[in-house]
Amino acid sequence: MMGLFELIRRNYPSNKTLKRAGIALCFVAALGMVISGIMGEDAVPATAIVNEKGPVVAITFDDGPYAKVTGHILDVLEANDVCATFFVLGSRIRGREELLLRMERLGCEVGNHSYSHADLTTLSLRDCQREIDDTNAEIKRVLGHEARVVRPPYGHYNKTVKKVVSVPMALWTVDTNDWKGKAPEAIADYVIEQAKEGSVILMHDQRSSTADAMEIIIPALIDEGFRFVTISELIDMTGGDCKGIKMPD
């Protein structure tokens, strides 16, 4: 920085205007160095919100994570600077921790989808509690916190489930039935046709056809002006007054 100032002084010894410009340039350089030191070399700027004023949609995935398919979906989300919510099975977390960490790094949400994908309405209170608690324990082991939202398998819940689950339960408003092996184009066409303000879209990060469909869905919905939010963001925006969400009693 001093070398820059000396260069200006030597070349323009009598020009006060240029000397002042040199001082100002040095100040800007110093300020940049301070900011860089505070942020660190590896700091990443916050991602801009896509279609900040647009209608919101929450895309969700159940039953993962799966290394190849979930990873592909995360690639699509990252490439388009958008987020989703992943309802994970506790039994599938160990050995796939990096996928959960990447979800959070990308601004996605990790939700609880039970430990073994059991129909919680068929279980005793104790067993139902274990399904939720064991999954939360795995999520907390990896992310340092429990899930803020739960999606009961099959969308089934009763008084027992409501007693166990003390956070919002996320169901859905659009069911893609992607697990049935539909072609990517068919999955994409259905989502694009059905998406509207406040939609909660149910998908599964199990089949490559779903990940391939995401390559079509995300750019198309962006072009239509949609903004992508997580389930918790949707709840926060609406105070819980949104379709597909069951707030705790």
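Relevant structure appears above.
Computed from a predicted model, the values in this text were never measured in an experiment.

Draft legend 1. Looking closely at the pattern of salt bridges. All told, the structure shown has 10 salt bridges when counted by the stated rule. Across the pair Glu138 and Arg141 runs a salt bridge whose closest N-O atoms are separated by 3.0 Å. Separated by 3 residues within a single helix, Glu138 and Arg141 lie in helix 5 (residues 125-143), roughly one turn from each other. With relative accessibility at 10%, the residue Glu138 sits in the buried group. Overlapping salt bridges, with partners in common, bring together Arg94, Glu97, Glu138 and Arg141 in one network.

Draft legend 2. Examining the environment of Val142 more closely. Here Val142 shows up in helix 5. Sequence spacing of Val142 and Glu97 is 45 residues, and the spatial spacing of their C-alpha atoms is 6.3 Å. Every residue in contact with Val142, bar those within four places of it in the chain, is listed here: Ile93, Glu97, Leu100 and Leu101.

Draft legend 3. Spatial organisation of the pairing of strand 2 (residues 85-88). Side chains Thr85 and Phe87 of strand 2 all project onto a buried face; the interleaved residues Phe86 and Val88 project onto the opposite face, where all are buried too. With 4 bridges joining them, strand 1 (residues 56-64) and strand 2 adopt parallel strand pairing. Bridge assignment links Phe61 to a residue of strand 2, and that residue is Phe86. Between the parallel elements strand 1 and strand 2, the chain passes through helix 3 (residues 67-80) in a crossover that is right-handed. Pairing of strand 2 with strand 3 (residues 109-112) involves 4 bridges; the strand directions are parallel. Counted as the bridge partner of Phe87 is Gly111 from strand 3. Since strand 2 and strand 3 lie parallel, the crossover through helix 4 (residues 97-105) that links them has a hand, and here it is right-handed.

Basis of the calculations
Residues numbered from 1 in each chain as written. Predicted model: local features only at pLDDT ≥ 70, side-chain atom pairs only at ≥ 80, totals over all residues. Heavy atoms only, no water. Salt bridge = Lys/Arg side-chain N within 4 Å of Asp/Glu carboxyl O. Helix = DSSP H or I, 4+ residues; strand = E, 2+ residues; numbered from the N terminus. Buried < 20%, exposed > 50% of the residue type's maximum accessible area, 1.4 Å probe, protein only. Contact = heavy atoms within 4.5 Å. Pairing = 2+ DSSP bridges. Right-handed = clockwise from strand over helix to strand, strands pointing away.

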